[in-house]
Every structure is written in structure tokens, then in C-alpha cells.
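Next come the chains, spelled out residue by residue.
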Amino acid sequence: MKTDKKTTEKTAKQTIKKPANKTTGPVALSPREIAAALVSLPGWAVSDNKLVRSWKFKDFRQAIGFIVRVGFEAEQRNHHPEIHNVYSTVELSLSTHDADGRVTQLDVDLAKAVNAL
């Protein structure tokens, strides 16, 4: 069956459907915005497009207690950190999967909440 150019273009336009009212996810912060946020986040730094911080506790029990408190805060916000624990050391990394693993305001807000624990 032979089709002309107009028919092909019309058919192509009909098959391309744009999502109706698509909402966007969290927006990655710019390096300047992240630097500004770090001013109010003592102990935090940026590494590999993540907010990172580590803590050293007296012992494993205190470290695990801290991790549990972080877990409650994260669950309340539905925003979960990467947690690494070795004996009395805890390391957190914050980034947003819905922003391609970049830092968003969700990460800054969780970092502030963790600092308040």
C-alpha cells in the first residue's frame, strides 16, 4: 500500500501521545543551591552528587540507636538515605532517586532533620 508524505506525518502525530497533566518529580539542586544549603548543614559535604556525613559513637549500641532514629525520620518523610554502619561509625548518603540520584530539597530537609536528632 502506497502512502503519501502527509498521511505518514499525520499517522506519526496521532501515535505520539503526550501524558496529560504529567507532574514532575523533585528537581535537582544546582551546585550553587547545594553550596548555599551546606552553610546551614554543619558536618555535611557533597561527594558523588550526594550529601554525605559520618558520625562516630561511643559504641555499636549508640550507633544502632541513631540509625533507628534516622529510620523513623526517613520513613515519616518517605525519603530514605543510604546507611553504612561499621561498629560505632555511621555514614549517611542522601540523594533522590526520582531526580536521577542528584541532590534535591528533600535531601537538604532530611539532612536538617537528622542534624536535629
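Our subject is the structure that appears above.
So, a few notes on the structure that sits alongside this text. (Residues numbered from 1 in each chain as written. Predicted model: local features only at pLDDT ≥ 70, side-chain atom pairs only at ≥ 80, totals over all residues. Heavy atoms only, no water.)

## Notes on the pairing of strand β2 (residues 50–56)
Two strands pair when backbone bridges link them, and strand β1 (residues 45–47) and β2 are joined in this way by three bridges, in the antiparallel orientation. When the sheet's bridge partners are listed, valine 46 is paired in β2 with leucine 51. Linking β1 to β2, which pair antiparallel, is a turn of two residues; within it aspartate 48 sits at a positive phi near 50 degrees. Relative to strand β4 (residues 89–94), β2 runs antiparallel, the two sharing six bridges. Bridge pairing links valine 52 to serine 93 in β4. (Pairing = 2+ DSSP bridges. Helix = DSSP H or I, 4+ residues; strand = E, 2+ residues; numbered from the N terminus.)

## Section: the environment of histidine 79
When you line up the elements, histidine 79 lands in the loop between α3 (60–77) and β3 (82–86). By relative accessible area, histidine 79 is classed as buried at 8%. The spacing of histidine 79 and leucine 94 is 15 residues in sequence and 9.0 Å in space, taken between C-alpha atoms. (Buried < 20%, exposed > 50% of the residue type's maximum accessible area, 1.4 Å probe, protein only.)

## With respect to α3
With 18 residues, α3 should cover 26 Å at 1.5 Å per step; its first-to-last C-alpha distance of 26 Å lies within 8% of that length. Those residues of α3 that sit buried are Ala63, Phe66, Ile67, Val70, Glu73 and Ala74. What you see down the axis of α3 is that its buried residues fit within an arc of 125 degrees, all on one side. Exposed residues lying more than 90 degrees from the buried face of α3 are Arg61, Phe72, Glu75 and Gln76. (Expected span 1.5 Å × (residues − 1). Arc of directions from axis to C-beta.)

## Regarding the packing of aromatic side chains
Pairs of aromatic rings are described using the distance from one ring centre to the other and the angle between the two planes. Throughout the structure, instances matching the rule amount to three aromatic pairs. On the basis of an interplanar angle of 40 degrees and a centroid distance of 5.1 Å, the ring pair of phenylalanine 57 and phenylalanine 66 is categorised as tilted. (Phe/Tyr/Trp six-rings, centres within 6.5 Å; stacked < 30°, edge-to-face > 60°.)

## So, the nonpolar core
If you look at the biggest cluster of nonpolar residues, it comprises 21 residues, and the most contacted ones within it are Trp44, Leu51 and Val114. Among the secondary structure elements, those contributing two or more residues to this core are α2 (31–38), β2, α3, β4 and α4 (105–115). At five residues, α3 tops the list of elements feeding residues into this core. Residue contacts for tryptophan 44: discarding those within four places in its chain leaves Leu38, Leu51, Val52, Arg53, Trp55, Leu92, Leu94, Ala111, Val114 and Asn115. (Core = buried A, V, L, I, M, F, W, Y, C linked by side-chain atoms within 4.5 Å. Contact = heavy atoms within 4.5 Å.)

## A few points about the sheet that holds β4
Strand order across the open sheet formed by four strands is β1-β2-β4-β3, with antiparallel pairing between neighbours. Across the chains shown, the open sheet's two edge strands, defined by having one partner strand only, are β1 and β3. Adjacent strand axes in the sheet meet at a mean angle of 30 degrees, parallel and antiparallel pairs treated alike. Lying on the sheet, α3 is in contact with β2, β3 and β4; it crosses β3 at an angle near 170 degrees. (Axes fitted to C-alpha atoms, helices over the stretch in contact; angles between N-to-C directions.)

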